Amino acid sequence: MTSQPSLAKPDSTPPPPGDQQSGGSDSGDGLKAGLKNRHLSMIAIGGVIGAGLFVGSSSGIAAAGPAILISYALVGTMVVLVMRMLGEMAAARPASGSFSTYADQALGRWAGFSIGWLYWFFWVVVLAVEATAGAVILNGWIPAVPQWGWALIVMVVLTATNLVSVGSYGEFEFWFAGIKVVAIGAFVVIGLLAVFGVLPGSDNPGAGFAHLTDAGGFMPKGAGAILTGVLMVVFSFMGSEIVTLAAGESEDPQRAVTKATNSVIWRIGVFYLGSIFVVITLLPWNAKSITEEGSYVAALNSIGIPHAGQVMNVIVLTAVLSCLNSGLYTASRMAFSLGQRGDAPKAFARTNARGVPQAAILGSVVFGFIAVWFNYQWKDTVFDFLLNSSGAVALFVWLIISFTQLRMRGIILREEPEKLIVKMWLFPYLTWVTIAMISFVLVYMLTDEAGRKQVLLSLLAAAFVVVFSLAREKFGRRDEEASPLKS
């Protein structure tokens, strides 16, 4: 395992302007600073609200009862700590490759290459998942268009918005995220009023905190169910790191990253813990409606909100489109960064006159289209393999961020101490605690049948990429030494 003692590599050229702090130049050879502060603020807020929160929370409630709140709190704490570490590095060195760039600098080129490609792989598979989820909802509204047709339409539309400019991506995401934020905020406020019986016209009598303990206690399935809940909710948090990739194309990267890092605690508290708290105080955790209708629809129905199912479908569709939009953006920027570092085709590192990495976007969406086709053609074989082999990548990313920050703190202090404006709390102790927490979740996943499959196949994918990276680096160095042009 090699490591780099410095942020600058003696045998490499400096990164192009697009991967440095200002977010790029206007010359067509780098990314442009096309994201406004309001775009970054909403990307930061909405980034933690995925479709998984809306459609997956009912399973977690059924598995752990009211104690699912502890599961969300544990995972939320882990994400807050990871974001604090990432924020420390991103505020000091904003880059389009974010943690992949930092891993390259702090742990070695193999680490940046490996985690960068694994993260890209994760998001292009997510494109297929979200496109299919959106197509199911749209097909229910307009069945004349087949599901595959809707999947194609949403992919094409969002690809077009990403190709126009980074500003168009930011604008779409601003409104997508805005709808999610307003919807969750309204749900929490209305729900809490109903919980305490002060919502006019509510069909729910309001039991206060009684439902937290009136159906078998707060932990009806035992303390072990909390860990089961952790496995069920951990992947709904993926996406909070996107703001650090987008910061490189913003007007003021350091301000954007600092603001996003400092606000992650209340965002997770309100949107995750707040909304789940509302569900399990409006209804007993074992109410059949939670599993049959979905947790949020059941809660809205209990209050008497008309057409609750369709209202939630609109919100879920918005979350799906937001995830698709951000997924394509994120995959393309990671491909762009890999191209800049010589770890991907050079075409990926080129931008057009509008500062858009066109080849990186098209390369990412092509794989996304292929994955969508696999989902319809071989869902239980090829696509199932893709899904599971990328399933634990989120945890791998968080683990690499933690190890990278251990090294990057010293590098930044040595080279640019004035840029250490965001600091990880209780360094290095909380960093090691975070590493232990993530490692525990990965090991515990091996005790769960579905989790075991994800971990093992994801480890297989990671091993393949790491071996390829090390072999590539070794033979590349050998070719350089053998080259007669070497000075």
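Keep in mind the model is a prediction, meaning the values are calculated, not measured. (Residues numbered from 1 in each chain as written. Predicted model: local features only at pLDDT ≥ 70, side-chain atom pairs only at ≥ 80, totals over all residues. Heavy atoms only, no water.)

All right, on to the packing of helix α16 (residues 393–415) against helix α17 (residues 429–445) then. Across the interface, α16 lies against α17 with an axial gap of 10 Å and an inter-helix angle of 155 degrees. Judged by the angle between their axes, α16 and α17 are roughly antiparallel. Crossing handedness for the pair α16 and α17: left-handed. Of α17, the residues touching α16 (which contributes Leu 395, Phe 396, Trp 398, Leu 399, Ser 402, Phe 403, Gln 405 and Leu 406) are Thr 431, Trp 432, Thr 434, Ile 435, Ile 438, Ser 439, Val 441, Leu 442 and Met 445. Its residues placed into classes, the contact of α16 with α17 shows 12 nonpolar, 5 polar and no charged. (Axes fitted to C-alpha atoms, helices over the stretch in contact; angles between N-to-C directions. Helix = DSSP H or I, 4+ residues; strand = E, 2+ residues; numbered from the N terminus. Parallel < 35°, antiparallel > 145°, perpendicular 65-115°, else oblique. Left-handed = near helix turned anticlockwise from the far one by under 90°. Contact = heavy atoms within 4.5 Å. Nonpolar A, V, L, I, M, F, W, Y, C, P; charged D, E, K, R; others polar.)

An ideal rise of 1.5 Å per residue puts 44 Å on 30 residues; helix α10 (residues 253–282) measures up with 41 Å between its terminal C-alpha atoms. At Ser 263, α10 shows its maximal kink, close to 45 degrees. (Expected span 1.5 Å × (residues − 1). Bend = angle between axes of the 7 residues up to and from the residue.)

Put simply, Phe 427 and Pro 428 share a cis peptide bond, and its omega is 0 degrees. Mapped onto the secondary structure, Pro 428 falls in the loop between α16 and α17. Residues other than glycine seldom take positive phi values, yet Ser 98 does so here, at roughly 45 degrees. Non-glycine residue His 307 carries a positive phi angle of around 55 degrees. By secondary structure assignment, the location of His 307 is in the loop between α12 (295–303) and α13 (308–340). Accessibility expressed as a relative area gives 65% for His 307, which makes it exposed. (Buried < 20%, exposed > 50% of the residue type's maximum accessible area, 1.4 Å probe, protein only.)

Ranked by size, the top nonpolar core spans 163 residues in total, and within it Phe 54, Phe 99, Trp 123, Leu 395, Trp 398 and Ile 401 carry the most contacts. With 20 residues, the single largest contributor to this core is helix α5 (residues 109–141). (Core = buried A, V, L, I, M, F, W, Y, C linked by side-chain atoms within 4.5 Å.)

Confidence in the prediction for the chain averages 85 pLDDT; 91% of positions are at 70 or higher. By mean pLDDT, the top-scoring element of the chain is α17 (95), and the lowest-scoring one is helix α1 (residues 37–46) (77). Here residues 1–29 is modelled with pLDDT under 50, and outside its nearest four sequence neighbours on either side it reaches 74 contacts, counting other chains as well. (pLDDT = per-residue confidence, 0-100.)

Below, the discussion takes up the packing of α13 against helix α14 (residues 358–377). Axis separation between α13 and α14 bottoms out at 8 Å; the angle between their running directions is 120 degrees. For the element pair α13 / α14, the angle class is oblique. For α13 against α14, the interelement crossing comes out right-handed. Residues Leu 328, Ala 331, Ser 332, Arg 333, Ala 335 and Phe 336 of α13 lie in contact with α14, whose contacting residues are Ala 360, Ile 361, Ser 364 and Val 365.

Mapped onto the elements, Ser 337 comes out in helix α13. At a separation of 2.9 Å, a polar atom in the side chain of Ser 337 contacts the side chain of Arg 341. (Polar contact = N/O pair within 3.5 Å; in protein donor to acceptor, adjacent residues only side chain to side chain.)

What follows deals with a nonpolar patch on the surface. Nonpolar side chains collect at one region of the surface, where Val 189, Leu 193, Phe 196, Val 198 and Phe 209 lie side by side and expose about 480 Å² of accessible area between them. The residue Phe 209 is located in the loop between α7 (166–195) and α8 (224–233) in this model. (Patch = residues over 30% accessible without salt bridge, like charges linked within 9 Å, V, L, I, M, F, W, Y side chains within 5 Å. Areas by Shrake-Rupley, 256 points an atom, 1.4 Å probe, with all protein chains shown as cover. Salt bridge = Lys/Arg side-chain N within 4 Å of Asp/Glu carboxyl O.)

Bringing the environment of Ala 215 into the picture now. Along the polypeptide, Ala 215 turns up in the loop between α7 and α8. Residues Ala 215 and Ala 287, 72 residues apart in the sequence, show an inter-C-alpha distance of 9.7 Å. Apart from residues no more than four positions distant in its own chain, Ala 215 is found in contact with Pro 220, Trp 285 and Asn 286.

Next up on the list: α5. Taking 1.5 Å as the rise per residue, α5 with 33 residues should run 48 Å; its terminal C-alpha atoms sit 48 Å apart, in good agreement. Among the 33 residues in α5, 27 count as buried, and that is most of the element.

This next bit is on the packing of aromatic side chains. Throughout the structure, instances matching the rule amount to 22 aromatic pairs. Joined through ring pairs, the aromatic side chains of Phe 99, Tyr 119, Phe 122 and Trp 123 make up one cluster. Positioned above the aromatic ring of Phe 174, the side-chain terminus of Arg 38 is 4.7 Å from the ring centre. Arg 409 extends its terminal NZ or CZ atom over the ring of Phe 427, reaching a point 4.3 Å from the ring centre. (Phe/Tyr/Trp six-rings, centres within 6.5 Å; stacked < 30°, edge-to-face > 60°. Lys NZ or Arg CZ within 6 Å of the ring centre and 35° of its normal.)

This part is about the pattern of salt bridges. All told, the structure shown has 9 salt bridges when counted by the stated rule. Two residues, Arg 38 and Glu 171, come together in a salt bridge whose shortest N-O distance is 2.8 Å. Of this pair, Arg 38 sits in helix α1 while Glu 171 sits in helix α7, and the two are 133 residues apart along the sequence. Given the relative accessible area of 35%, Arg 38 is considered partly exposed. One continuous salt-bridge network, built from bridges that share partners, spans Arg 93, Glu 416 and Lys 419.

Attention shifts here to the side chain of Ser 390. Relative to the elements of secondary structure, Ser 390 occurs in the loop between α15 (379–389) and α16. We classify Ser 390 as buried; its relative accessible area is 3%. Polar side-chain contacts of Ser 390 include one of 3.2 Å to the backbone oxygen of Leu 387. Ignoring sequence-local partners within four residues, the contact set of Ser 390 consists of Phe 121, Phe 122, Val 125 and Ser 458.

This part covers the environment of Asn 162. Along the polypeptide, Asn 162 turns up in helix α6 (residues 147–164). Asn 162 gets classed as buried once you look at its relative accessible area, which sits at 1%. Separated by 292 residues in sequence, Asn 162 and Gln 454 have C-alpha atoms that sit 30 Å apart. Not counting residues up to four positions away in its chain, the partners in contact with Asn 162 are Ser 168, Tyr 169, Asn 325, Leu 328, Tyr 329, Val 356 and Ile 361. Among the polar contacts listed, one links the side chain of Asn 162 to the backbone oxygen of Leu 158, at a separation of 2.9 Å. Among the polar contacts listed, one links the side chain of Asn 162 to the side chain of Asn 325, at a separation of 3.2 Å.

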